[in-house]
Amino acid sequence: FLSHFKPAAAVAIAALMIGAGAADAKNFKIAVGDSAGSAQEATGKAFVTALEEKSGGKHTATLFLNGQLGSEEVTVNDAAMGTLDMSLLAINNITPYSPTVGVFSLPYVILSLEDAEKLTQGPIGEELTQNTINDAGVRIIAWTYTGFRVLTNSKKPVKSVADLQGLVVRVPKNEIMIDTYKAWGINPTPMAWSETFTALQQQVVDGQDNPYLTVNAMKFYEVQKYITNIRYIFSIEPLIISESLFQSLSADEQQMILDAGQAATQASAQFLRDSEAAIKQDLLAKGMEISDPENGEEEFIKLATEAVWPKFYDSIGGVEKLNAVLETLGRAPV
Ligand code: MLT
């Protein structure tokens, strides 16, 4: 009996060890709202590379582009439930689940890439990360910087608030953005990101806003003609991980993920600096017409900040949160 048992046990133990080793190697699924060539994809790729490098090739992650794993808004819930590992999405699509991140979408608060870096990579970014864990069950592990959300439409050049009247503009399901367009005198159409291209194509809506990089990657130039360089929101698109998944990982694995996230954040800023000007030229070459708002955007700024900021003090955690942001950016408090 013993002579038969030993080799069998050894085989069983060896099989267990191989099994454990294989189970340890992770391949995280990352939902990505945008297509190939987008800022989101650049962040995702940089994250995968850094994770593979930091884990000596043991762990990796796979990007599922173009909303294949669900529209951006839905992925927050899926990650919270633990049915999805990670998602790359615009922060405005997290705000409904964790209202304090709305401070990054208040119109004309973030005025440059440098502002965005300062806020996301400092104590305010840490506080908002903690808030999304508590409110939404997801942890922000990297930041994508995509540039200003410019207005596109298929009907006419828009240079003033008056020009905007009569246009049907799609916005994310985000109260701050809805109210901003209302302050500009129109009633926008809230719509999921995954439905936006088709809605533009079928002329259910005339326009939308998103950064040059997104307009280009999503091929909106095929269905949109005019761009207005409004600068009301600087688009920030975090990489989030399911908090329950994060907590199930070892301390080492958690650290690798946070480090890979940091590397991805740095890569994202570089991607924007390297590509935005060329992508603008590309959109012109593809036939889009680009205008600046008249009078240095003065009217857009005045209407939006006066009407929208006070309305959201409560949801972002009090006027003092906005003042902390403004102080970080070296600007006067309200
Ligand atoms: C949106 O408009 O819903 C988002 O900005 C889409 C995106 O992630 O590019």
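Okay, so let's go over this structure. As the structure is a prediction and not an experimental result, all values here were calculated from the model. (Residues numbered from 1 in each chain as written. Predicted model: local features only at pLDDT ≥ 70, side-chain atom pairs only at ≥ 80, totals over all residues. Heavy atoms only, no water.)

**Side note on the overall build of the chain**
Looking only at helices and strands, the chain features 13 helices and 11 strands. Over its C-alpha atoms, taken along the principal directions, the chain stretches across nearly 90 × 45 × 30 Å. Here the contacts in the chain between residues at least 6 apart in sequence split such that 75% fall between residues at least 24 apart. Carbon and sulfur atoms provide 54% of the accessible area of the chain, an area that totals close to 14200 Å². The averaged location of the 40 negative side-chain charges in the chain is 3 Å from the averaged location of its 25 positive side-chain charges. (Helix = DSSP H or I, 4+ residues; strand = E, 2+ residues; numbered from the N terminus. Contact = heavy atoms within 4.5 Å. Areas by Shrake-Rupley, 256 points an atom, 1.4 Å probe, with all protein chains shown as cover. Lys, Arg positive; Asp, Glu negative; His and termini not counted. Charge placed at Lys NZ, Arg CZ, Asp CG, Glu CD.)

**Here's the deal with the pairing of strand E2 (residues 60-64)**
Alignment of strand E1 (residues 27-32) against E2, held across five bridges, turns out to be parallel. Residue pairing in the sheet places Ile30 in a bridge with Leu63 of E2. Of the crossover connections in this fold, the one passing from E1 over helix H2 (residues 39-54) to the parallel E2 is right-handed. (Pairing = 2+ DSSP bridges. Right-handed = clockwise from strand over helix to strand, strands pointing away.)

**Observations concerning the site of the ligand**
Inspection of the region around the ligand gives 13 residues, with Gln40, Glu72, Arg149, Arg170 and Asn210 positioned closest. Here Arg170 contributes a side-chain N or O atom positioned 2.7 Å from an oxygen atom of the ligand. Within the side chain of Glu237, a nitrogen or oxygen atom sits 2.9 Å from an oxygen atom of the ligand. For the ligand, whose unbound accessible area comes to 270 Å², protein coverage reaches 100%. Counted by class, the shell around the ligand contains three nonpolar, five polar and five charged residues. (Near = heavy atom within 4 Å. Polar contact = N/O pair within 3.5 Å; in protein donor to acceptor, adjacent residues only side chain to side chain. Nonpolar A, V, L, I, M, F, W, Y, C, P; charged D, E, K, R; others polar.)

**As for the side chain of Asn323**
Locating Asn323 in the fold gives a position in helix H13 (residues 319-328). Look past the residues within four positions of Asn323 in its chain and what remains in contact with it is Pro333 and Val334.

**Some thoughts on the packing of aromatic side chains**
Using the criterion set out here, one finds eight aromatic pairs in the structure. A ring pair is formed by Phe148 and Phe234, whose centres lie 5.3 Å apart and whose planes are at 85 degrees; its orientation type is edge-to-face. Taken together, the residues span a long stretch of sequence, with Phe148 in strand E4 (residues 138-148) and Phe234 in strand E10 (residues 234-242) at a distance of 86 residues. Neither residue differs from the other here; Phe148 and Phe234 are each classed as buried. Look at Tyr181 and Trp184: their rings are 5.0 Å apart centre to centre, the planes differ by 80 degrees, and that puts the pair in the edge-to-face class. By relative accessible area, Tyr181 is classed as buried at 0%. Judged by its relative accessible area of 1%, Trp184 falls in the buried class. Three or more aromatic residues joined by ring pairs form one cluster here, namely Tyr181, Trp184, Tyr232 and Phe300. (Phe/Tyr/Trp six-rings, centres within 6.5 Å; stacked < 30°, edge-to-face > 60°. Buried < 20%, exposed > 50% of the residue type's maximum accessible area, 1.4 Å probe, protein only.)

**Notes on helix H4 (residues 113-120)**
The buried fraction of H4 is high, at six of eight residues. Three or more residues of H4 are buried, namely Leu113, Asp115, Ala116, Glu117, Leu119 and Thr120. Buried residues in H4 make contact with helix H5 (123-136), E4, E10, helix H11 (251-285) and H13.

**Details of the packing of helix H7 (residues 175-183) against helix H12 (residues 298-311)**
It is the contact of H7 with H12, at a shortest axis distance of 9 Å, that shows an interaxial angle of 140 degrees. Between H7 and H12, the angle falls in the class oblique. In the crossing of H7 with H12, the sense of the turn from one axis to the other is right-handed. Of the residues in H12, those in contact with Ile176, Asp179, Thr180 and Ala183 of H7 are Leu303, Ala304, Ala307, Val308 and Lys311. For the contact of H7 with H12, the residue count by class is six nonpolar, one polar and two charged. (Axes fitted to C-alpha atoms, helices over the stretch in contact; angles between N-to-C directions. Parallel < 35°, antiparallel > 145°, perpendicular 65-115°, else oblique. Left-handed = near helix turned anticlockwise from the far one by under 90°.)

**Concerning the sheet that holds strand E11 (residues 289-291)**
Adjacent strands of a sheet form backbone hydrogen bonds with each other and so pair up, either parallel or antiparallel. Read from one edge to the other, the open sheet built from six strands follows the order E7-E6-E8-E5-E9-E11, with strand pairing classed as mixed. Each edge of the sheet is formed by a strand with only one pairing partner; in this case those strands are strand E7 (189-190) and E11. Direction of pairing for strand E5 (residues 150-153) relative to strand E9 (residues 226-228): antiparallel, over a ladder of three bridges. Within E9, the residue paired with Thr152 across the bridge is Ile227.

**Quick word on the environment of Gln68**
Note on placement: Gln68 falls in the loop between E2 and helix H3 (72-81). Between the C-alpha atoms of Gln68 and Ser55, which are 13 residues apart in sequence, the distance is 27 Å. In terms of polar contacts, Gln68 uses its side chain to reach the backbone carbonyl oxygen of Leu65, at 3.0 Å.

**Quick word on the sheet that holds E1**
Read from one edge of the open sheet, five strands run E2-E1-E3-E10-E4, paired in mixed fashion. Each edge of the open sheet is held by one strand with a lone partner, namely E2 and E4. Adjacent strand axes in the sheet meet at a mean angle of 20 degrees, parallel and antiparallel pairs treated alike. Alignment of strand E3 (residues 86-88) against E10, held across three bridges, turns out to be antiparallel. The residue of E10 that forms the bridge with Ser87 is Ile240. In the packing of H2 onto the sheet, the strands contacted are E1, E2, E3, E4 and E10, and the crossing angle to E2 comes to about 165 degrees. Contacts from H3 reach E1, E3, E4 and E10, with the element oriented near 165 degrees to E4.

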